[in-house]
Amino acid sequence: MKQHPIALLALLSTSIAQVPQDYEQCIDDVVLKSSTCNPNDVELCRERCGVLNTQFLLDKCCAHDGVTASILAYEPNELWVDRLNDYNLCTGAKVRVDYVDGGEDAMPRALAVDIGNGFEDGQGIYDAYIAHTPWLPSIYDGLKNLSAYIEKNAKFVDIMDIDQAARDASAYGGEMVAFPY
């Protein structure tokens, strides 16, 4: 059965010139550390999941140990590095962001190649995308329908907190196929 990726809409984006050179090493370091993930080690969980001295991730300690995910984005943003390191270290997951060569101008084509275009299947390399709304119509058939997921997780995701225009831009055929952020 074909896995459908998720689109995350970049309604507002920030330009950062480049990702730090040690990006891949940061991700590799986190993965090495996560191999010792133990959700019963309260002290370790506090150390790894106490992001920015908050308790936001504490209940996620080792919750995704061994899970991998890859996101394709069009514009490097150094803010991803620290947040992904925090998330990966706490949860045991290995989430990474790759950037399309050619930046924003090359992203619509990259989406079509990976997701497909309605006539042919795509490569299916990525699990999620950071994308602008106008890029979705040509690929929406290949995206995961998020409506049931959003409904099931209503206590965590209040879709009504997202403005109407963003919700409308993320829906095709009455179903949510992207999640605006």
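The paragraphs below set out a description of the structure included in this document.

What counts as what
Throughout this document, residue positions are counted from 1 along each chain, in the order its sequence is written. Restriction of local features to residues with pLDDT of at least 70 applies here, the model being predicted, together with a cutoff of 80 or more for giving and counting side-chain atom pairs; totals for whole chains, interfaces and linings are based on all residues. Excluding hydrogens and water, the side-chain figures rest on all heavy atoms present in the structure. Secondary structure elements are defined from DSSP: runs of H or I of at least 4 residues count as helices, runs of E of at least 2 residues count as strands, and each element is numbered from the N terminus. Burial classes: relative accessible area under 20% of the type maximum marks a residue as buried, over 50% as exposed, and values in between as partly exposed (1.4 Å probe, protein chains only). The contact criterion used throughout is that any non-hydrogen atoms of two residues lie within 4.5 Å. Working definition of accessibility: Shrake-Rupley area with a 1.4 Å probe, residue cover restricted to the visible protein chains. For the purposes of this analysis, a disulfide is any pair of cysteine sulfur atoms at a distance within 2.5 Å.

### Concerning the overall build of the chain
Along its length, the chain carries six helices and seven strands. Reading the helices (α) and strands (β) of the chain from amino to carboxyl end gives β-α-α-β-α-β-α-β-α-α-β-β-β. Each of the 181 residues in the chain was classed as buried or not, and the buried ones make up 40%. Look at the contacts in the chain between residues 6 or more apart in sequence, and 73% of them connect residues 24 or more apart. For the chain, the accessible surface area stands at approximately 11000 Å², while carbon and sulfur atoms represent 52% of it.

### A closer look at the state of the cysteines
Counted by the stated rule, this structure contains three disulfides. One disulfide bridge connects Cys37 with Cys62, the sulfur atoms lying 2.1 Å from each other. Negative torsions about the S-S bond denote left-handed disulfides, and the value of about -105 degrees found for Cys37 with Cys62 makes this one left-handed. A residue pair is termed long-range when its members are at least 10 positions apart, and Cys37 in the loop between helix H1 (23–34) and helix H2 (42–49) and Cys62 in the loop between H2 and strand E2 (68–73) qualify at 25 residues. Overall, the relative accessible area of 13% leaves Cys37 in the buried class. At a sulfur-sulfur separation of 2.0 Å, the disulfide partner of Cys45 is Cys61. The sign of the S-S torsion, about -75 degrees, decides the handedness of the disulfide formed by Cys45 and Cys61: left-handed. Of this pair, Cys45 sits in helix H2 while Cys61 sits in the loop between H2 and E2, and the two are 16 residues apart along the sequence. The class for Cys61 is buried, based on a relative accessible area of 10%.

On their own, these measurements won't tell you what the molecule is for.
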